[in-house]
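One-letter residues, chain by chain:
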Amino acid sequence: MASSMLLNKSAGVSLGAARQGRSLRQAKPTSTTTAAVKDVFMPALSSTMTEGKIVSWLKQPGDKVSKGEPIVVVESDKADMDVEAFAEGILGSIVVNEGERANVGAAIAFIAETEADLDEAKKKAGSNGAAAAAAPAPAPAAPAPAAAAPPPPPPAAAPAPAAPAPAAPAPPAPAAAPRADGRIVATPYAKQLAKDLRVDLATVAGSGPNGRITASDVERTAKGGAAPAAAPAPAAAAPAAAASAAAPAPPAPAKAAAGTTVSELRGTTKPFTTLQAAVARNMNESLKVPEFRVSMSIETDKFDALYKRLKPHGVTMTALLAKAVGAALASHPVMFASCTPDGNGITYNERINVALAVAMPDGGLITPVLKDADKVDIYQLSRNWADLVKRARGKQLQPDEYNSGTFTISNLGMFGVDTFDAILPPGTAAIMAVGGSKPTVVATADGLIGVRKVMQINITADHRIVYGADAAEFLQTLKAVIESPDQLLL
Amino acid sequence: MASFTAHSTKAQASLASSQQAKLVSARPQRSTVRCNASLPVSLDSRQLNQAVNRCIRVSRHVATRSSRGQRCAVVAMAGAKYDYDLVIIGCGVGGHGAALHAVEQGMKVAVIEGHDIGGTCVNRGCVPSKALLAASGRIRDMKNEMHMKSMGIQVGSVSFDRAGVAAHATQLASAIQGNLKRSLEALGVDILIGQAKFVDNHTIKYGLPGRVDVGGQVTAKDVIIATGSVPFVPPGIPIDGKTVFTSDHALKLEWLPNWVAIIGSGYIGLEFSDVYTALGCEVTFIEAMDKIMPGFDTEIARMAERLLIKGRPIDYHTGVIATKVTPGVPGVKPVEIELTDFKTKKVVDTLEVDACMVATGRAPYTNGLNLGSIGVETDRRGFVPVSEKMEVLGSDGKVVPNVYCIGDANGKYMLAHAASAQGISAVENMLGRPNVLNHLSIPAACFTHPEVSFVGVTQEKAEEMAKEQGFPLGVAKTSFKANSKALAEKEGEGMAKMLYRKDTGEILGVHIIGLHAADLIHEASNAIATKQTVQDIKFAVHAHPTLSEVLDELIKSAHVTPPSSSSNSSAAKAGAKQPVAA
């Protein structure tokens, strides 16, 4: 369980492009309305409403809709209201699904005037969809391949890690269905999960009676089989995301299912989606920053022991790590500074706001920010973190809660990664890549050989403002904090 | 109970042996029972006085009635001519309610019960299912970690004991059954055991098959049929009680199938889906109608679907009927259910599930009553035809004298409390006080989490009425999201809706889905029953903060605009109605 100790349980993603959200948000959904395809906007149901949640779609793609007919139920702060179509036609595609939120004015569906325009409507949804749905959250960024590449280590490691969204067509069933008659029998919950995790039931081997697919079968498939499915979408951004992550992009040998997907992709070229394009743009942008890396090994036995002690009080590893970093940063102001946009000065930030990457269930990535990690006590920090993660998954974070970070942590420890390096989010001085903590044979200070749990920390910093010694000194402080962590309780 | 018997004999002996005395014999017993604990001996003088006073009061009552009409003569004659004033066939909630009211009115009553005192509701229906819902509701609550956390509560792992939950239901049923039986005994109602059969409209034979020691024949001036209903099982579905079963078996909760198909998405099916999913089972509904929860107001059904179906491990097939069900073996062989399109009659799918619960409604239990002997035929489905006064109608369409039918057996409104209300109405009618029960004032509730309740008509029906009768329809809505108490409980999901006449303020229907909706509906049902209008109840005060403020807000958001005096005839008609309503 060495590697699991330093897990950022809910997150665990390389961070490369975490901040690309900004640029993506600027890339507003292009709502050029051709005559044939009309957008359905999220309406403002009250004067205070800024975003709405889709309660349910009363019409499905392909259904005819007439003007004035209720097509969708939207939840505002006070009630659920039916929203009527203002155009006649066929519901071409739905952009924002049930349970998801969208800002007022964002396109939530497209109505095609005639059947001939249906394809157009679908295409629009394809290009606009990702952006619209993701609007409240920052861009799901590059890292998925890193997250998804190595199958997560067995049990304790990660609860449904990341579940990246396969944007690609689901792989066909390879010998999955053991039922003689070829039917797919899945329980209601299994079906729901498959929809949520975007797993094609045809690819799931049922373990229930008569080959019935149960919820756990779907979960297993989503965990194990998601890697290949996820590969096509974010692969494009991978090289930029993290150098070390670039290699495993096509999840090489392993699974049978993986082989199918990869072979399907071989020899094809796919244009970027809006999202991927935005990520790529940001990655290129990052090349203008002269980055350098410094790494250090840190022993975590005491840190792990402290975590074990605090866990019953609701303290999470993520919060503890953020707290340690916050404490270390306090004496190194340059590490959470930023270079001025004109490149002529250093802006020293007032607050130590630690951003941590969280993978979203739908494949996106968000970096909730633990503000004032140096000052807020560990218990409150843990509560804040739980709240942030919960709301992040519900796409309810305020912009300030995911773009106000002044230092970033990316943790891939739970995947068994030893060390990796991250790309610096624009506008910050440094990002810290955390590897897994593993029992390692070391020469101890008293000259004996011992086994200690050791993890690798790798800092990527902007050399315009942070110099080698700055980063090294920070790491030294951090090492001191993590190796005698009791001060974190003060 | 020794003193009980001693006393009643004494009371009877000490009074004239007329019918009145017999009538009274039931009443003083009440006071004796109450005093039993402290006074194990029979009557003291005070009690005797009370008894005598009551007796006098009753005779006066009878006398007054006699002066009004000849009813008393009949009652008095009953003593001579019949064993009882009233015999009720069936002792469910309907029969019990009728018996209580009849005793209250001074009648001598017997009930004949062929199975369990308490009938379906107490033994195989509402009561035990509430026990299951209460237990499973708490399990659902505690398992909802997010919800608990949002109130600052941390729950460890939650587990339950199936047998314990099942035992709670059984114990509750037997406790309520005991209460019911004792309440009848305490009132002096004779409980006869056996299945009843009409000889003529005053004579009933009863007995149990294969038993010569039980049974007999009684006569009564009036007879109420209150035989209730049994689960309806469509043809082609073999019930094995194990993998294919009805609510009767499901209530015993003998096992928890991983996947249950429930045929029928009415309130029985919904409540069981609530129990099953809370206990970790998955559910598939099979509904013949085009939409799920067909009996509900459309908007309420939509919200119910969101709150009770989506987000739970439930899916459904609509517009299909289960034409063939092959029972399985728990854990070995799944149940197979063949689904046929309701319209095209083509087989569309086959389900493989662990168990199949049939909740397709209920069929009247009227076989074996020998209704032919009193010239009555049940309808095609077995319901006993009745007039609006609950009088049984013969095959010729005319009222059969002295025979009434209440509850599920007449099929007017198959709910326990409706049966009870019909029973009271029937007793009123047999006493010569014409009474017609307004079924639109009877509330109904579904005890899911959250609950659903309604009274009166649905919005669809109200719109139809408004169109036909040409009145302006008002629709008021409120949300539980705006209610402080609901928010304090973190249960802000839900809505209430009221349909009313904008011109007169008459309330046509109220629908609620949300926390404790079943308890909230009564303000509305009472208003409808007592013909109060929106204007009347607008000034009623509700304690703050309570859930009842949901209705407060609902009523206050309704706006009545009485037609001006110079308006057209339909408005004038509506205006004329107003004094009646007020």
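Predicted model only: the values in this text are computed from it and were never measured.

### Topic: the overall build of chain A
Point 1. A tally of helices and strands in chain A yields 15 helices and 19 strands.
Point 2. Of all 490 residues assigned to chain A, the portion counted as buried reaches 52%.
Point 3. Across chain A, the fraction of contacts at a sequence separation of at least 24, relative to all contacts at a separation of at least 6, is 69%.
Point 4. Counting every atom, chain A has about 20700 Å² of accessible surface; 57% of that belongs to carbon and sulfur.

### Thoughts on the UniProt feature "domain: Peripheral subunit-binding (PSBD)" (unreviewed entry) in chain A
Point 1. The UniProt record marks residues 185-222 of chain A with the feature "domain: Peripheral subunit-binding (PSBD)" (unreviewed entry), using the residue numbering of this structure.
Point 2. Across residues 185-222 of chain A, the secondary structure splits into 47% helix and 0% strand, with the terminal C-alpha atoms separated by 18 Å.

### Focus on the sheet that holds strand 11 (residues 314-318) of chain B
Residues and elements named next belong to chain B.
Point 1. Pairing is parallel across the open sheet formed by five strands, whose spatial order is 8-15-9-10-11. Among the strands making up the open sheet, the edge pair consists of strand 8 (244-246) and strand 11. Averaged over all pairs of adjacent strands, the angle between strand axes in this sheet comes to 20°, irrespective of strand direction.
Point 2. Strands strand 8, strand 9 (259-263), strand 10 (282-287), strand 11 and strand 15 (355-358) of the sheet are contacted by helix 11 (residues 267-278), whose axis makes an angle of about 165° with strand 10.

### A word on the layout of surface pockets
Residue and element names in this part refer to chain B.
Point 1. Its boundaries defined by the atoms lining it, the second largest pocket holds a volume of some 1400 Å³.
Point 2. Elements represented by at least two residues in the lining of the second largest pocket include exactly helix 11, strand 10, strand 12 (320-326), strand 16 (362-364), strand 19 (444-446) and strand 20 (451-456).
Point 3. Of all the elements, strand 12 adds the most residues to the lining of the second largest pocket, at four residues.
Point 4. Among the residues making up the lining of the second largest pocket, the classes are represented as 27 nonpolar, eight polar and five charged.

### What about the side chain of A:T444?
Point 1. Looking at the element boundaries, A:T444 is found in the loop between strand 18 (438-443) and strand 19 (449-462).
Point 2. With residues near it in sequence (within four places) discarded, A:T444 still touches A:G450 and A:R452.

### Observations concerning the side chain of B:S525
Point 1. By secondary structure assignment, the location of B:S525 is in helix 17 (residues 522-529).
Point 2. Beyond its immediate chain neighbours, meaning those up to four positions away, B:S525 contacts B:S441, B:P443 and B:V455.

### Some points on the sheet that holds strand 14 (residues 347-353) of chain B
All names here are of chain B.
Point 1. With antiparallel pairing, three strands are arranged side by side in an open sheet as 12-13-14. Only two strands of the sheet have a single neighbouring strand rather than two, namely strand 12 and strand 14. If you compare each strand with its neighbour and ignore which way they point, the axes differ by 25° on average.
Point 2. Here strand 12 pairs with strand 13 (residues 335-341) via six bridges, running antiparallel. Across the sheet, A322 pairs through a bridge with L339, a residue of strand 13.

### Some remarks on the interface of chain B and chain A
Point 1. Between chain B and chain A, the contact holds 24 residues from the first and 26 residues from the second.
Point 2. The junction of chain B with chain A conceals about 1900 Å² of combined surface from both sides, 45% of it contributed by carbon and sulfur atoms.
Point 3. A per-residue breakdown of the area chain B buries against chain A is headed by B:W259, B:R302 and B:E352, which together make up 28% of the total.
Point 4. In this structure, the connection of chain B to chain A is made through four salt bridges.
Point 5. Joining chain B to chain A, the criterion identifies eight residue pairs in polar contact (both at pLDDT 80 or more).
Point 6. If you list the elements that add at least two residues to the side of chain B that touches chain A, you get strand 10, helix 12 (298-309), strand 11 and strand 14 of chain B.

### Here we look at helix 17 of chain B
All names here are of chain B.
Point 1. Turning to helix 17, its buried residues number three or more, namely A524, S525, A527 and I528. For helix 17, the arc enclosing every buried residue in end-on projection is 160°, short of the 170-degree limit, so these residues lie on one face.
Point 2. Buried residues along helix 17 sit against strand 20, strand 23 (507-514), helix 18 (534-537) and helix 19 (549-556).
Point 3. After helix 17 finishes, the residue K531 shows a positive phi value of roughly 55°.

### Some words on a nonpolar patch on the surface
Point 1. Taken together, the side chains of A:V441, A:I449 and A:V451 make up a nonpolar region of the molecular surface, amounting to roughly 340 Å² of accessible area.
Point 2. With respect to the helices and strands, A:V451 occurs in strand 19.

### Some points on the nonpolar core
Point 1. Counting 57 residues, the largest nonpolar core has A:L320, A:F407, A:I459 and A:L478 as its most contacted members.
Point 2. Top element by residues in this core is helix 13 (residues 317-329) of chain A. It accounts for nine residues.
Point 3. Those residues in contact with A:L320 that lie beyond four places of it in its chain are A:F303, A:L306, A:Y307, A:L310, A:V315, A:I378 and A:L488.
Point 4. Within the second largest apolar cluster, 41 residues are counted, among which are B:A166, B:A301, B:A304 and B:C446.

### Notes on the pairing of strand 4 (residues 70-75) of chain A
Residue and element names in this part refer to chain A.
Point 1. Judged by how many residues are buried, strand 4 sits mostly within the fold: five of six residues are covered.
Point 2. Here four bridges tie strand 2 (residues 51-57) to strand 4, and the two strands are oriented antiparallel to one another. Looking at the pairing, S56 lines up with V73 of strand 4.

### Details of helix 14 (residues 378-393) of chain A
All names here are of chain A.
Point 1. Here helix 14 is 16 residues long and its end C-alpha atoms lie 22 Å apart, about the 22 Å a rise of 1.5 Å per residue gives.
Point 2. Listed in full, the buried residues belonging to helix 14 are I378, L381, S382, W385, L388, V389, R391 and A392.
Point 3. Where helix 14 starts, the residue carrying a side-chain oxygen 2.9 Å from the main-chain nitrogen of Y379 turns out to be D377.

### Points about the environment of B:D552
Residue and element names in this part refer to chain B.
Point 1. Structurally, the position occupied by D552 is in helix 19.
Point 2. For D552, a relative accessible area of 15% puts it in the buried group.
Point 3. Separated by 11 residues in sequence, D552 and V541 place their C-alpha atoms 7.8 Å apart.
Point 4. Sequence-distant contacts of D552, defined by excluding residues within four places in its chain, comprise A540 and H542.

### Focus on the pairing of strand 1 (residues 84-89) of chain B
Residue and element names in this part refer to chain B.
Point 1. Burial analysis of strand 1 places six of its six residues in the buried class, which makes it a mostly covered element.
Point 2. Relative to strand 6 (residues 215-225), strand 1 runs parallel, the two being bridged by five bridges. Counterpart to L86 in the pairing with strand 6 is D222.
Point 3. Pairing of strand 1 with strand 2 (residues 109-113) involves four bridges; the strand directions are parallel.

### With respect to the environment of A:L193
All names here are of chain A.
Point 1. With respect to the helices and strands, L193 occurs in helix 5 (residues 188-197).
Point 2. Given a relative accessible area of 9%, L193 falls into the buried group.
Point 3. The sequence separation of L193 and E219 amounts to 26 residues, and the corresponding C-alpha distance is 7.5 Å.

Rules used throughout
Residues numbered from 1 in each chain as written. Chains lettered and ligands numbered in written order. Predicted model: local features only at pLDDT ≥ 70, side-chain atom pairs only at ≥ 80, totals over all residues. Heavy atoms only, no water. Helix = DSSP H or I, 4+ residues; strand = E, 2+ residues; numbered from the N terminus. Buried < 20%, exposed > 50% of the residue type's maximum accessible area, 1.4 Å probe, protein only. Contact = heavy atoms within 4.5 Å. Areas by Shrake-Rupley, 256 points an atom, 1.4 Å probe, with all protein chains shown as cover. UniProt positions renumbered as here; feature names shortened; annotations may be inferred. Pairing = 2+ DSSP bridges. Axes fitted to C-alpha atoms, helices over the stretch in contact; angles between N-to-C directions. 1 Å grid on protein atoms, 1.4 Å probe; cavity = no way out; pocket = protein on both sides within 12 Å on 5 of 7 lines; lining within 4 Å. Points joined across faces, edges and corners; volume = space filled by probe spheres on them. Nonpolar A, V, L, I, M, F, W, Y, C, P; charged D, E, K, R; others polar. Buried area = accessible area lost by both parts, 1.4 Å probe. Salt bridge = Lys/Arg side-chain N within 4 Å of Asp/Glu carboxyl O. Polar contact = N/O pair within 3.5 Å; in protein donor to acceptor, adjacent residues only side chain to side chain. Arc of directions from axis to C-beta. Patch = residues over 30% accessible without salt bridge, like charges linked within 9 Å, V, L, I, M, F, W, Y side chains within 5 Å. Core = buried A, V, L, I, M, F, W, Y, C linked by side-chain atoms within 4.5 Å. Expected span 1.5 Å × (residues − 1).

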